[in-house]
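Observations on chain architecture
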Amino acid sequence: MKTVRAALPYVLCALTLAPAVHAGQATGSADQELKTRVEQRLSQRRVRGSKVAARDGSVTLAGPVGSVGAKQDLVAEVLKVDGVKEIVSELTIGRAENDRALAERVADQVRRSSYFTVFDDVEIGVDNGVVTLTGYVTQPIKSEDLARRVSHVDGAQDFVNRLEVLPASIGDDRLRNIIANAIYRDPSFSNYASQAVPPVHIIVRNSSVLLTGVVNSEVERRQAENIVRGIPGIIGVQNTLRVEK
């Protein structure tokens, strides 16, 4: 009888531990499968250099990326993988040489946008790698396109979009075209007209006009304002044109 009593706790212990070991193995297998699925998705998207860890549906991503936009894209892509419940990001964004160099690359991307015209005004601010866009655009798609372009510039640590979308107005659209034709057909500005994005920008909101951009002289700055003030239907004119030095 003593032998039986001594063996019984041992047997019960063994029976109790066996399912726990089995469950641990199953969990480890599931984590490995999830990790493999994530790695396959990254490989399909030609993402290189990212390290993946998975535990209970939580996926940790580590490694270098070029920009805040690239980081957001990577996280969004991994969230599409079956079984991923959350992302822990340990991704690091490479830094630009300096803020000025980053601002110049951002400005180049703004100019490359097919949506950006003389009827929009975009100011670029960069502080310790954080890029901020302020100003005005005439359509929501313009703000979206510029945000996408700028957030993917290499070195952009973060991105703040403060662009204001001007209200839709047939009357304002009409004034924009009239003002642009009047300015760029004037002999003082005809040499600018052939540029992809001429330097004098015309912002119209509720029949009020804001002139922004750069001109070559104070004479041109005043002439642009005089042209606009001579157009019927305009409530007011604000001239913030800068003279290029």
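Each remark here, short or long, concerns the structure printed above.
In this report, we go over the structure that sits alongside the text. (Residues numbered from 1 in each chain as written. Predicted model: local features only at pLDDT ≥ 70, side-chain atom pairs only at ≥ 80, totals over all residues. Heavy atoms only, no water.)

Reading across from one edge, β1-β2-β3 is the order of the three strands in this open sheet, with mixed pairing throughout. Two strands lie at the open edges of the sheet, namely β1 (51–55) and β3 (86–93), each paired on one side alone. Looking at each pair of strands side by side, their axes are set apart by 10° on average, direction ignored. Along the sheet face, helix α2 (residues 68–79) touches β2 (58–65) and β3 and points at about 155° away from the line of β3. (Pairing = 2+ DSSP bridges. Helix = DSSP H or I, 4+ residues; strand = E, 2+ residues; numbered from the N terminus. Axes fitted to C-alpha atoms, helices over the stretch in contact; angles between N-to-C directions. Contact = heavy atoms within 4.5 Å.)

Before going further, it helps to spend a moment on the pattern of salt bridges. Under the definition given, this model contains 15 salt bridges. Of the charged contacts in the structure, one is a salt bridge between E39 and K35, with a shortest N-O distance of 2.6 Å. Of the two residues, E39 and K35 are both situated in helix α1 (residues 2–44); the distance of four residues between them amounts to about one turn of the helix. By relative accessible area, which is 33% here, E39 ends up partly exposed. Accessibility expressed as a relative area gives 23% for K35, which makes it partly exposed. Its salt-bridge partner being D145, residue R148 comes within 3.0 Å of it at the nearest N-O pair. One end of the pair is R148 and the other is D145, both in helix α4 (residues 140–151) and three residues apart, which spans about a single turn. Judged by its relative accessible area of 46%, R148 falls in the partly exposed class. Taken together, the shared-partner salt bridges in this structure form one network comprising R41, R45, E77 and K80. (Salt bridge = Lys/Arg side-chain N within 4 Å of Asp/Glu carboxyl O. Buried < 20%, exposed > 50% of the residue type's maximum accessible area, 1.4 Å probe, protein only.)

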